[in-house]
2 protein chains.
Amino acid sequence: MAQPGRPRSEQARRTILAAAAKLVARNGYGELTMEGIATEAGVSKQTIYRWWSTKAEVVLEAVNEGAAEMAAVPDSGSLADDLRLFLRRTVDATTPVNRRLLASLMAAAQLDDQFAKSFRTGFLASRRRELRGMLARAQERGEIAASVDLDQLVEVVYALLWYRILVQHGPLDRRFGRQVADSVLRLSRAA
Amino acid sequence: MAQPGRPRSEQARRTILAAAAKLVARNGYGELTMEGIATEAGVSKQTIYRWWSTKAEVVLEAVNEGAAEMAAVPDSGSLADDLRLFLRRTVDATTPVNRRLLASLMAAAQLDDQFAKSFRTGFLASRRRELRGMLARAQERGEIAASVDLDQLVEVVYALLWYRILVQHGPLDRRFGRQVADSVLRLSRAA
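Now for a description of the structure that goes with this document. Not measured: the values here are computed from a predicted model.

Rules used in this analysis
Residues numbered from 1 in each chain as written. Chains lettered and ligands numbered in written order. Predicted model: local features only at pLDDT ≥ 70, side-chain atom pairs only at ≥ 80, totals over all residues. Heavy atoms only, no water. Contact = heavy atoms within 4.5 Å. Salt bridge = Lys/Arg side-chain N within 4 Å of Asp/Glu carboxyl O. Polar contact = N/O pair within 3.5 Å; in protein donor to acceptor, adjacent residues only side chain to side chain. Helix = DSSP H or I, 4+ residues; strand = E, 2+ residues; numbered from the N terminus. Expected span 1.5 Å × (residues − 1). Buried < 20%, exposed > 50% of the residue type's maximum accessible area, 1.4 Å probe, protein only. Axes fitted to C-alpha atoms, helices over the stretch in contact; angles between N-to-C directions. Parallel < 35°, antiparallel > 145°, perpendicular 65-115°, else oblique. Left-handed = near helix turned anticlockwise from the far one by under 90°. Nonpolar A, V, L, I, M, F, W, Y, C, P; charged D, E, K, R; others polar. Least-squares fit on C-alpha atoms with pLDDT ≥ 70 in both. Core = buried A, V, L, I, M, F, W, Y, C linked by side-chain atoms within 4.5 Å. Phe/Tyr/Trp six-rings, centres within 6.5 Å; stacked < 30°, edge-to-face > 60°.

So, the interface of chain A and chain B
(1) Moving on: Taken residue by residue, the interface counts 31 residues in chain A and 32 residues in chain B.
(2) Moving on: Connecting chain A to chain B are 2 salt bridges.
(3) Moving on: Residue A:Arg164 pairs with B:Glu155 through a salt bridge whose shortest N-O separation is 3.0 Å.
(4) Moving on: Linking chain A with chain B are 14 residue pairs in polar contact (both at pLDDT 80 or more).
(5) Moving on: The set of elements that each furnish at least two residues to the side of chain A that touches chain B consists of helix H6 (96-111), helix H7 (113-140), helix H8 (150-167) and helix H9 (174-187) of chain A.

Right, dumping it as structure tokens:
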């Protein structure tokens, strides 16, 4: 939404996204306002509205960028290595603040249908798509049985991560990451 | 919390629990009040406070009873049969209203630490415990390899169910229930 002739400052953009993420992690998505983001980021409300129309757009841009940075999908030629590295990066990146941010967004999606749609078709679908690409390359190499449904493997990974993020009945640590990777590796063999 | 000499009417109790569940499914847990439950159930607020101290107690009693009724853990002597029946009952019982109720409660748990604790140590832990009991019997019969960690199998079941309840990117139907059961059966063999 940058306007022609008015180059969007990368520095300001990052400050605003960080402010939005911080506020959601602190108070939940429901409490977030464009005004609050402006105050936290030290910019005017107009600056924010110049680039984004709604708070949902700001927050989704923040989490999309964060996810892309923190858990880039590896491509080493080995499914086991790629999966373990991907899960290790993911759990490492899920700091307490990021965990609260993600949990708040999943909560918001249950209370706000409009946001749910953006969150589901944007962030969540794009994360599934990236992981599916990694698994598809492994299936082409013969590392995953042809009879295995890749969508079901993707589902197992994100379901386990989200259940732990939301319920918090156990740590979201590297050991947990290895367990998730191992489950998927076992499911990737022929039934 | 029934008081001596004042027998709790089972009929009134059920009406109140149903009213609370309906309101949470409709407007979310955040909007629920004891007054709202009383109005919906057609009883006085005093009647509700006689039996429960907080709205969290009412709602948790409602979901605990619903879960116990709808997805009693079978014990046929066959892991495959038990798992498939358990999953079929669970998805059948997750009607659109029940799905909204569960989603609202998981959202509330992200926004309210007190409720989160009750939800986690009460409802969620008791569901995991029941399923674990079923798997432990199967492991004793030799249907699950001794090396398999039962908690991880339980985690796969509830993670997949919850991810689908919350993200709604696919149907929560019998086909999905069979997929979950099959994944767990495959993971229950020795690694």
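Once you've had a look at it, read on.
A short note on the environment of B:Arg141
(1) Moving on: Note on placement: B:Arg141 falls in the loop between helix H7 (113-140) and helix H8 (150-167).
(2) Moving on: Residues B:Arg141 and B:Ala67, spaced 74 residues apart in sequence, show a C-alpha to C-alpha distance of 27 Å.

Overview of helix H1 (residues 10-27) of chain A
A turn of α-helix holds 3.6 residues, and therefore any two residues three or four places apart point the same way.
Residues and elements named next belong to chain A.
(1) Moving on: Spanning 18 residues, H1 covers 26 Å between terminal C-alpha atoms, matching the ideal 26 Å at 1.5 Å per step.
(2) Moving on: Every buried residue belonging to H1 is among Ala12, Arg13, Ile16, Leu17, Ala19, Ala20, Ala21, Leu23, Val24 and Ala25, and all of these are buried.
(3) Moving on: Positive backbone phi, at 90°, marks Gly28, one or two positions downstream of H1.

What to know about the packing of H6(A) against H7(A)
Residue and element names in this part refer to chain A.
(1) Moving on: Here H6 crosses H7 at 130°, and the two axes come no closer than 6 Å. Taken together, the axes of H6 and H7 are oblique relative to one another. The way H6 lies across H7 gives a crossing that is left-handed. Each of Leu102, Leu105, Met106, Ala108, Ala109 and Leu111 in H6 lies in contact with H7, whose residues at this interface are Asp113, Phe115, Ala116, Phe119, Phe123 and Leu124.
(2) Moving on: Across the contact of H6 with H7, the residue classes break down as 11 nonpolar, no polar and 1 charged.

Focus: the relation of the copies chain A and chain B
There are two copies of the chain, and a rotation about an axis plus a shift along that axis relates them.
(1) Moving on: In screw terms, the move from chain A to chain B is a rotation of 180° and a rise of 0.0 Å along the axis, fitting with an RMSD of 0.0 Å. The superposition of one copy onto the other is thereby described by a two-fold rotation axis. Ranked by how close their C-alpha atoms come to the rotation axis, the residues of chain A are headed by A:Ala107, at 2.1 Å.
(2) Moving on: A symmetric contact is evident, with 100% of the interface residues of chain A recurring at the interface of chain B.

A word on the pattern of salt bridges
(1) Moving on: In total, this model carries 26 salt bridges over all chains according to the counting rule given.
(2) Moving on: In this structure, the salt-bridge partner of B:Arg127 is B:Glu130, at a minimum N-O distance of 3.6 Å. With B:Arg127 and B:Glu130 both in helix H7, this residue pair falls 3 residues apart, about one helical turn.
(3) Moving on: The exposure class assigned to B:Glu130 is partly exposed, which follows from its relative accessible area of 36%.
(4) Moving on: Through salt bridges with shared partners, a single network forms among A:Glu10, A:Arg13, A:Arg14, A:Glu61 and A:Glu65.

What to know about the side chain of A:Ser188
(1) Moving on: Here A:Ser188 is to be found in the segment after H9.
(2) Moving on: A polar contact of 2.6 Å, which involves the side chain of A:Ser188, links it to the backbone oxygen of A:Leu185.

Quick notes on the nonpolar core
(1) Moving on: One finds A:Ile37, A:Phe119, A:Trp162, B:Ile37, B:Phe119 and B:Trp162 to be the most contacted residues of the largest nonpolar core, which totals 142 residues.
(2) Moving on: Beyond its immediate sequence surroundings of up to four residues, B:Trp162 is in contact with A:Tyr163, B:Leu102, B:Ala103, B:Met106, B:Phe119, B:Phe123 and B:Leu124.

A few points about H8(A)
Residue and element names in this part refer to chain A.
(1) Moving on: When the terminal C-alpha atoms of H8 are compared, their 26 Å separation across 18 residues agrees well with the 26 Å that a helix rising 1.5 Å per residue should span.
(2) Moving on: For H8, the tally of buried residues reaches 16 of 18 residues, placing the bulk of the element in the interior.
(3) Moving on: After H8 finishes, the residue Gln168 shows a positive phi value of roughly 55°.

Points about unusual backbone geometry
Residues and elements named next belong to chain A.
(1) Moving on: Notably, Gln168 is not glycine yet its phi reads approximately 55°, a positive angle.
(2) Moving on: In this fold, Gln168 is placed in the loop between H8 and H9.
(3) Moving on: A residue is classified by how much of its surface remains accessible, and Gln168, at 38% relative accessible area, is partly exposed.

Some details on the side chain of B:Arg13
(1) Moving on: You can see B:Arg13 is positioned in helix H1 (residues 10-27).
(2) Moving on: Of the polar contacts made by the side chain of B:Arg13, one reaches the side chain of B:Glu65; its length is 2.7 Å.

Notes on the packing of H1(B) against helix H2 (residues 34-41) of chain B
Residue and element names in this part refer to chain B.
(1) Moving on: Relative to each other, H1 and H2 sit at 115°, their axes nearing to 8 Å. Considering only the axes of H1 and H2, their crossing is right-handed. Contact residues: H1 offers Thr15, Ile16, Ala19, Ala20, Lys22, Leu23 and Arg26, while H2 offers Gly36, Ile37, Glu40 and Ala41.
(2) Moving on: Partitioning the contact of H1 with H2 into residue classes produces 6 nonpolar, 2 polar and 3 charged.

Topic: the environment of A:Pro74
Residue and element names in this part refer to chain A.
(1) Moving on: Looking at the element boundaries, Pro74 is found in the loop between helix H4 (55-70) and helix H5 (79-93).
(2) Moving on: Distance in space between the C-alpha atoms of Pro74 and Arg89 is 10.0 Å, their sequence separation being 15 residues.
(3) Moving on: Once residues within four sequence positions are removed from consideration, Pro74 is found in contact with Asp82, Leu85, Phe86, Arg89, Met134 and Arg137.

Notes on the packing of aromatic side chains
Residue and element names in this part refer to chain A.
(1) Moving on: All chains considered together, the criterion is met by 10 aromatic pairs over all chains.
(2) Moving on: Summarising the aromatic geometry, the rings of Trp51 and Trp52 are spaced 5.9 Å apart at their centres and angled 85° between planes, so their arrangement reads as edge-to-face.
(3) Moving on: For Trp51, a relative accessible area of 4% corresponds to the buried category.
(4) Moving on: Classification of Trp52 by relative accessible area gives buried; the value is 2%.

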